[in-house]
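Read off the chains here:
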Amino acid sequence: MENGGLTLEELGRSIVDLVMTEDLIRRRATALVPVACREERELKVLGKVSRLSLEVQPGDAAVTRGTSGAFDVAIQLALTVRVETAGEDEVAVHALGATVSLRITPRPCAPLGIFLDVAEPAAESILFAEPQAGARDFLRGRIEEEVRRELLRLVRDRLADSRAERTVDLEGPLARALGLAGAEPGARDAPPPSRVRLAADQAAPQGALAGELDTQLRVFGDAMPFQVWTARPDGRLDFVNRFVLDYFDRTEAQMLGEGWLAVLHPDDVQKTVAAWTLSLETGQPYHTEFRLWRARDQTYREHVASALPQRDRAGNIVRWIGGSVDVADVRKAEAALRRSEARYRLFAEASNEGVWFWNIREDTVEWSDRLLELVGVRREAWGGSFMSFFERVHLDDRSALQAALKAHLEQRRPFEVEYRIRRDDGSYRDVFTRGMAEWDDKGVPFQMAGGAMDITERKRQQAMLEERLEIIERQQEAIRALSTPIIEVWKGVLTMPVLGVLDEQRSQQMMEVLLEAVARTRCRHAIIDLTGVSAVDAATADHVLRLIDAVAMLGAQGIVVGIRPEVAQTVVSLGLDLSNIKTLSNLREGLRFAMQSSGMTVRRRRRRRAHREDEDDAPAPPSEREG
């Protein structure tokens, strides 16, 4: 329009702004969220199978108009989640608050309408409210992930079924804007916007349009953070953006035409020109790699270049539009990553350890080839989920594995555990595994990695060693019993005969055995018979003295018998004081002393013996004498 009126484009934008109100967007967006729905699905957490029930109640929707004409909509949801776990009587109920974010862009729709295009919602478009302090745990995090998946599925299904509902009719508003207020809602007197735009384009001078496009292209190119350039059909550059000039520290005149070849590495000139010539001759897209000179550090750096031909209506190439990107840093990072992966792979192979990775949110488990080989599982038989792994764990080891995982994921304790895992042939192998999880900024674990090794042979050797050690221990016990026998010769009287050489080690063993027997039998006398000992040293004699003192502390009297002359000489030469120790010549005297010390028992036996002797000495009766 002229004389200060609106152009058709401005008129169209005004109509869109008039019709696309925030209230309309709010109502249309809220209709995309399932209302008061109830969904059920299976939930598997650390090998426990549960049933998850979900109830959704949509709340308020906040609409924000963007500068590009799009609308950002945030819909509040109140969620009630019930978790019923097999084998557990209690049903866990969780109340969650979530926000679903949608981006809606109005787009023209023939003949006279606007289609509300909703961007495909991603996992990041659903956010959950922070729980109360201390309420977050691994189970809640898994529930949120399952609820997020379910909400995404529900919203995407609604988007697929609601295309007709998302079309806004502009026929009436457009007719009223053009002064046809009395027109019927279904009238089509006004031409569709697409026809109006086409007529305006055809009426515009071609030279003016081309100049405007060139100006827009330059503005667009200078705004790009990488090298942008255009070339004529013969391949000579006719434009480079500001980034090119700054990168090579050259003027535009130096870079246009074939001036850019001056910054190309000499060894790359031939192949680059050949690839560029081939694209010019065939009209095929141009793509190649070469090295260019960077002015800042005076080095050649790797670049990737691409260009597409721009054609007129007749199909002739009128311009090439291309760009180049410095990929030197990316290539170095990729090379460093490959070296790191190679080193880690070499380490894993050398250490006989397999590697595993668990994506907790997606519930996918990846095993390295080495781990599959160690555990004896074929790649095609490996399910690739936590349950695929957990179902192979021995029934007796599952609870320990679950407890270790729960402690690591919720309390961040070190994860190290041994378990038995079933091979494809039905046999079990002992495995030791360790790992480390990674938590997000909310404290929810989202992935975990670690290594595992087959310790079956080590466990077998360890069992054999423990069995042999047990046999050796039993043999040593038998030897100790033979070398230091304890005999209860009378009630309350123990005797320990000692044979051979009495060294320090054996003296210590004697003390342990005798004291244990004294404490167990609560005897009153302990006789140490040294008749079979031919020699002692100072340390051994000291052990005997301390043994007697230890026996006395337990309430028994220690008696030493059978000291041989050579042993007595040694004791005297060492200057040891045995005045406080009861010593007797032999075991018989020791037993007599112990029996005399027991009081009534000895006296009764003496009276009985005296009575028998008196009967033998008495004169015979007269009848016997006469006979």
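The following paragraphs examine the structure supplied in this document. Note that this is a predicted model, so its numbers are computed, not measured.

### Considerations on the overall build of the protein chain
Step number 1: Secondary structure assignment for the protein chain yields 20 helices and 22 strands.
Step number 2: A separation of at least 24 residues holds for 56% of the contacts in the protein chain among residues at least 6 apart in sequence.
Step number 3: Element-wise, carbon and sulfur atoms account for 52% of the exposed surface of the protein chain, whose accessible area totals about 36900 Å².

### Observations regarding the packing of aromatic side chains
Step number 1: Under the defined criterion, the tally for this structure stands at 12 aromatic pairs.
Step number 2: On the basis of an interplanar angle of 75 degrees and a centroid distance of 5.7 Å, the ring pair of phenylalanine 389 and tyrosine 419 is categorised as edge-to-face. With phenylalanine 389 in helix H12 (residues 386-390) and tyrosine 419 in strand S15 (residues 415-422), the pair connects residues that are 30 residues apart, well separated along the chain. Across the pair, tyrosine 419 and phenylalanine 389 agree in class, each one buried.
Step number 3: Among the aromatic residues, those joined into a cluster by ring pairs are Trp358, Trp367, Trp382, Phe386, Phe389, Phe390 and Tyr419.
Step number 4: Sitting over the face of the ring of tryptophan 439, arginine 412 holds its NZ or CZ atom 4.1 Å from the ring centroid.

### Topic: the nonpolar core
Step number 1: Of all hydrophobic cores here, the largest spans 67 residues; its most connected members are Leu79, Trp358, Trp367 and Phe389.
Step number 2: Core analysis: the next-biggest nonpolar cluster, separate from the first, contains 23 residues, Val498, Cys523, Leu530 and Ile581 among them.

### Observations regarding the pattern of salt bridges
Step number 1: Tallied over the entire structure, the rule returns 33 salt bridges.
Step number 2: Of the charged contacts in the structure, one is a salt bridge between arginine 27 and aspartate 23, with a shortest N-O distance of 3.1 Å. One end of the pair is arginine 27 and the other is aspartate 23, both in helix H2 (residues 22-30) and 4 residues apart, which spans about a single turn.
Step number 3: Overall, the relative accessible area of 49% leaves arginine 27 in the partly exposed class.

### Brief notes about the sheet that holds strand S13 (residues 354-359)
Step number 1: Strand order in the open sheet formed by 5 strands is S14-S13-S17-S16-S15, and the pairing between neighbours is antiparallel. A strand with exactly one partner marks an edge of an open sheet, and here the two such strands are strand S14 (364-367) and S15. Within the sheet, the average angular offset between the axes of one strand and its neighbour, ignoring direction, is 25 degrees.
Step number 2: Packed onto the sheet, helix H13 (residues 398-411) meets S13, S15, strand S16 (428-439) and strand S17 (445-454) and runs at close to 150 degrees relative to S15.

### Description of the pairing of strand S20 (residues 525-532)
Step number 1: Counting buried positions along S20 yields 6 of 8 residues, so the element is predominantly enclosed.
Step number 2: Where strand S19 (residues 493-499) meets S20, 6 bridges bridge the pair, whose relative direction is parallel. Residue pairing for S20: threonine 495 is matched across the bridge by isoleucine 527.
Step number 3: Where S20 lies against strand S21 (residues 557-561), 5 bridges are found, and the strand directions are parallel. The residue of S21 that forms the bridge with isoleucine 527 is isoleucine 559.
Step number 4: Chirality of the crossover, the property in question, places the unit of S20, helix H16 (residues 538-553) and S21 among those that are right-handed.

### Concerning H16
Step number 1: Under the 1.5 Å per step criterion, the end-to-end length of H16 is 23 Å for 16 residues, consistent within 8% with the ideal 22 Å.
Step number 2: Within the span of H16, buried status applies to Thr540, Ala541, His543, Val544, Leu545, Leu547, Ile548, Ala550 and Val551.
Step number 3: Positive backbone phi, at 90 degrees, marks glycine 555, one or two positions downstream of H16.

### Considering the side chain of histidine 394
Step number 1: Within the fold, histidine 394 resides in the loop between H12 and H13.
Step number 2: Residue histidine 394 is classed as buried on the basis of its relative accessible area of 17%.
Step number 3: Filtering out sequence-adjacent residues up to four positions away, histidine 394 remains in contact with Arg420 and Tyr428.

### What to know about the side chain of glutamine 402
Step number 1: Note that glutamine 402 resides in helix H13.
Step number 2: On the accessibility criterion, glutamine 402 (17% relative accessible area) is buried.
Step number 3: In contact with glutamine 402, not counting residues within four places along its chain, are Leu46, Gly47, Lys48 and Phe390.

### Digging into unusual backbone geometry
Step number 1: For aspartate 249, which is not glycine, the phi torsion reads 50 degrees and is therefore positive.
Step number 2: Topologically, aspartate 249 is positioned in the loop between helix H7 (242-248) and helix H8 (252-255).
Step number 3: Relative accessible area serves as the criterion here: at 63%, aspartate 249 is assigned to the exposed category.

### Re H2
Step number 1: Turning to H2, its buried residues are Leu24, Ile25 and Ala29. Buried residues of H2, seen end-on, are gathered within an arc of 125 degrees and therefore sit on one face of the element.

### Things to note about the environment of leucine 237
Step number 1: Within the fold, leucine 237 resides in strand S9 (residues 237-240).
Step number 2: In sequence terms leucine 237 and tryptophan 260 are 23 residues apart; their C-alpha atoms lie 8.3 Å from each other.
Step number 3: Look past the residues within four positions of leucine 237 in its chain and what remains in contact with it is Trp229, Thr230, Ala231, Met255, Leu256, Gly257 and Trp260.

### Some details on the pairing of strand S10 (residues 286-294)
Step number 1: Of the two faces of S10, the one lined by Tyr286, Thr288, Phe290, Leu292 and Arg294 is fully buried and the one lined by His287, Glu289, Arg291 and Trp293 carries no buried residue.
Step number 2: Bridge count between S10 and strand S11 (residues 299-311): 9 bridges; the pairing is antiparallel. Paired with leucine 292 across the two strands is arginine 301, which belongs to S11.
Step number 3: The turn linking S10 back onto S11 is made up of 4 residues, and glutamine 298 within it adopts a positive phi angle of 55 degrees.

### Concerning the sheet that holds S21
Step number 1: As summarised here, the arrangement of the 5 strands in space is S18-S19-S20-S21-S22, forming an open sheet in which the pairing is mixed. Since the sheet does not close on itself, it has two edges, and those belong to strand S18 (487-490) and strand S22 (582-584), each with one partner. Taking each pair of neighbouring strands and ignoring which way they run, the sheet shows an average axis angle of 30 degrees.
Step number 2: Contacts between H16 and the sheet are confined to S19, S20 and S21, with S21 contributing the most and set at about 150 degrees to the helix.
Step number 3: Helix H18 (residues 587-597) contacts S18, S19, S20, S21 and S22 of the sheet and is inclined by roughly 170 degrees relative to S20.

Rules behind the numbers
- Residues numbered from 1 in each chain as written.
- Predicted model: local features only at pLDDT ≥ 70, side-chain atom pairs only at ≥ 80, totals over all residues.
- Heavy atoms only, no water.
- Helix = DSSP H or I, 4+ residues; strand = E, 2+ residues; numbered from the N terminus.
- Contact = heavy atoms within 4.5 Å.
- Areas by Shrake-Rupley, 256 points an atom, 1.4 Å probe, with all protein chains shown as cover.
- Phe/Tyr/Trp six-rings, centres within 6.5 Å; stacked < 30°, edge-to-face > 60°.
- Buried < 20%, exposed > 50% of the residue type's maximum accessible area, 1.4 Å probe, protein only.
- Lys NZ or Arg CZ within 6 Å of the ring centre and 35° of its normal.
- Core = buried A, V, L, I, M, F, W, Y, C linked by side-chain atoms within 4.5 Å.
- Salt bridge = Lys/Arg side-chain N within 4 Å of Asp/Glu carboxyl O.
- Pairing = 2+ DSSP bridges.
- Axes fitted to C-alpha atoms, helices over the stretch in contact; angles between N-to-C directions.
- Right-handed = clockwise from strand over helix to strand, strands pointing away.
- Expected span 1.5 Å × (residues − 1).
- Arc of directions from axis to C-beta.

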